[in-house]
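Now for the letters of each chain:
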Amino acid sequence: MENQNGSAVVLLKIHDDMAFLPLATSFVEKAALAYGLADPEAMALTLATEEIFAYLSRTAPQGRPMEIQCASGGYYVKVSFSLPMHDMNLRAFNLTASVSPDDEASLDEMGLVIASRFVDRLQIRQEGNRRIRLVVVKEKSYPQIEAKQTLSVRPLDDYAMKTPAPEEIKVLVGLMHAHYDDRLMPGPFRFPGKVVDMVAGGEYRALVTKGPTGQMGGGVFWHWLGSKTVECFGPYVFNQAPDSLMPRDLIEGCLGAIAKTHAVGLINRMATEVFPRDHFERLGELTVRDPDGSIRVITAHFRQMHEDMGSSVWAHADLVPFLKEQYGRLVLPRDVLTVSDQGEAMSPYSVLSAEFERSQDRVTLRLLRSGKDMEENLTNHLKVFAKESIHNVFFEMDVSQPWQAGFTPALLTRGFRPQLILPYGGDEGDMVVFQWGRLEP
């Protein structure tokens, strides 16, 4: 088997019986090493597999068919567990989960708490009404960027655009850190080798401008954000004249590269000062507090590439006014469908993921599984962020997924407010970005 970037995918079909535990752990360990994880990372992924498999086997009737799939993403290895659906208690995957020796139920969940600490990312997906997929990801370790480069860069009157080679990508990332604030680039860009692997694996693409003697003048990166939208970063130009056309040419190069794809639009949430805003629409603003205490406004920009044929979105009644106002302003054809609680059964526990950018004093929450305790779970997460003095807290809701809409009352009650829509920024549809305790610049 192959995944989307052409890498091999290995698959093990067994049953959730503890007798198969050694086979499952050996399978994951050997696959992780074959995909290039170092021994410590491979062992962490193997231990996470052991705890997850043991929990699944203990908490449900044994003998269910299970599929364990391992795949490489270039800079990470992903392990997914797919098995018949039942009401599994996965609350231990929350950042706030803890174990009490006096609580037998929490002791049973201790393995999941341990597993969640061994990996970098996790996902929980329902596959129709009959199966559930649990995905864990372990990333490779990379050295952080060294002291900022002092390469001599001069204005270029004559330049050509090209796809950079791996060593050129590392030079580009070094120049970006020398000429721009870290806040204007994604977190992974602190690790040049990781960026090289992300480009090689197809997760990112890049263009650079180079002069006749090979001098690098600037660059731009982009990646897919959801199913139909591309997000770009930059453009980054180095010591170019104020009236240089290089920033425009880099963005046009990015647009040209995605023009023949199924991308509906291009988004930029980290625009540099030279970003050509004239042909982009304003999606909205977020306000963030920087580590030095200053307040900064971030504007998200959007350019439509092809005609938007429209789609349906799901929303709680409290979110409908915001959606209709924004869709009207952006002239996006959407049918807003209202979700309401009609007394149907719900899992007692919800699961949230938390993605940290500690260098930017920022965390982004996403709902992995809904449950009756959503407001309590959110409150507990906010307490953790307050204890760690994290001021910038965001929540991303995929409004193409009706099960996420029910989280809206908990968000609004706890001080979150919807700020902007990312068209097709979710897995299958639009993404709404909420901000907690909006700051005033």
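All of the points below concern the structure found in this document.

Thresholds, definitions, all that
Residues numbered from 1 in each chain as written. Predicted model: local features only at pLDDT ≥ 70, side-chain atom pairs only at ≥ 80, totals over all residues. Heavy atoms only, no water. Core = buried A, V, L, I, M, F, W, Y, C linked by side-chain atoms within 4.5 Å. Buried < 20%, exposed > 50% of the residue type's maximum accessible area, 1.4 Å probe, protein only. Helix = DSSP H or I, 4+ residues; strand = E, 2+ residues; numbered from the N terminus. Phe/Tyr/Trp six-rings, centres within 6.5 Å; stacked < 30°, edge-to-face > 60°. Lys NZ or Arg CZ within 6 Å of the ring centre and 35° of its normal. Pairing = 2+ DSSP bridges. Axes fitted to C-alpha atoms, helices over the stretch in contact; angles between N-to-C directions. Contact = heavy atoms within 4.5 Å. Salt bridge = Lys/Arg side-chain N within 4 Å of Asp/Glu carboxyl O. 1 Å grid on protein atoms, 1.4 Å probe; cavity = no way out; pocket = protein on both sides within 12 Å on 5 of 7 lines; lining within 4 Å. Points joined across faces, edges and corners; volume = space filled by probe spheres on them. Nonpolar A, V, L, I, M, F, W, Y, C, P; charged D, E, K, R; others polar. Parallel < 35°, antiparallel > 145°, perpendicular 65-115°, else oblique. Left-handed = near helix turned anticlockwise from the far one by under 90°.

1. Concerning the nonpolar core
Ranked by internal contacts, the top residues of the largest apolar core, which has 46 residues, are M176, F189, F221, W222, F238 and L266. For this core, the secondary structure elements donating two or more residues are β5 (131-139), α5 (166-179), α6 (192-200), β7 (205-210), β8 (216-225), β9 (229-237) and α7 (246-258). Looking at this core element by element, the count peaks at six residues for α7. Counting 43 residues, the second-largest nonpolar core is a separate cluster that includes L225, L330, L365 and V393.

2. So, the packing of aromatic side chains
According to the stated counting rule, one finds ten aromatic pairs in the structure shown. On the basis of an interplanar angle of 70 degrees and a centroid distance of 5.6 Å, the ring pair of F189 and Y204 is categorised as edge-to-face. In this pair, F189 is assigned in the loop between α5 and α6 and Y204 in the loop between α6 and β7, connecting sequence segments 15 residues apart. Of the two residues, F189 and Y204, both sit in the buried class. Summarising the aromatic geometry, the rings of F189 and F221 are spaced 4.8 Å apart at their centres and angled 90 degrees between planes, so their arrangement reads as edge-to-face. Remark: F221 occurs in strand β8 and F189 occurs in the loop between α5 and α6; sequence separation between them is 32 residues. Take F189: its relative accessible area is 0%, and that puts it in the buried class. Aromatic ring contacts, followed pair by pair, group F189, Y204, F221 and F233 into a single cluster. Taking the ring centre of Y76 as reference, the NZ or CZ of R121 above it sits at 5.2 Å.

3. Considering the sheet that holds strand β17 (residues 392-398)
Sheet strands pair by backbone hydrogen bonding; their relative direction is either parallel or antiparallel. In spatial order, the strands read β15-β16-β17-β19-β18; together these five strands make up an open sheet with mixed pairing. Each having just a single partner strand, β15 (351-357) and β18 (416-422) make up the two edges of the open sheet. Averaged over all pairs of adjacent strands, the angle between their axes in this sheet comes to 30 degrees, without regard to strand direction. Across seven bridges, the pairing between β15 and strand β16 (residues 362-369) is antiparallel. Its bridge partner lying in β16, E357 is registered against R362. Sheet strands touched by helix α8 (residues 320-330): β18 and β19 (431-436). Its angle to β18, the strand with the most contacts, is close to 30 degrees. The sheet contacts of helix α9 (residues 374-387) involve β15, β16, β17, β18 and β19, and relative to β15 the element is tilted by about 25 degrees.

4. Things to note about the sheet that holds strand β12 (residues 295-304)
A sheet is described by the order of its strands in space; here seven strands give the open sequence β6-β7-β8-β9-β10-β12-β11, paired in mixed fashion. In the strand order of this sheet, the two ends are held by β6 (160-162) and β11 (281-289), each with one partner. Shown here is a sheet whose adjacent strand axes are inclined to one another by a mean of 25 degrees, direction ignored. On the sheet, α5 packs against β6, β7, β8 and β9 and is oriented at approximately 100 degrees with respect to β8.

5. Considerations on the pattern of salt bridges
Tallied over the entire structure, the rule returns 19 salt bridges. Here D290 makes a salt bridge to R183, at a shortest N to O gap of 2.1 Å. Pair noted here: D290 is in the loop between β11 and β12 and R183 is in the loop between α5 and α6, with a separation of 107 residues, a long-range link. The class for D290 is buried, based on a relative accessible area of 4%. On the basis of relative accessible area, R183 is assigned to the partly exposed category, the value being 25%. Put simply, R366 and E355 hold a salt bridge, and the shortest N to O gap is 2.9 Å.

6. A word on empty space enclosed by the protein
Using the criterion set out here, one finds one cavity of 30 Å³ or more in the structure. Reported here for the largest cavity is a volume of approximately 50 Å³. In terms of lining residues, the largest cavity is bounded by R248, I251, E252, P276, H279, F280 and R303. Of the residues assigned to the lining of the largest cavity, the class counts are three nonpolar, one polar and three charged.

7. Quick word on the packing of helix α2 (residues 39-58) against helix α4 (residues 110-118)
The interhelical angle for the contact between α2 and α4, taken along N-to-C directions, is 155 degrees, at an axis separation of 8 Å. Between α2 and α4, the interaxial angle falls into the category roughly antiparallel. Relative to α4, the crossing made by α2 is left-handed. In this structure, α2 contributes A44, L47, A48, E51, I52 and Y55 to the contact, and α4 contributes G111, L112, I114, A115 and F118. Classifying every residue of the contact of α2 with α4 by side-chain character gives nine nonpolar, one polar and one charged.

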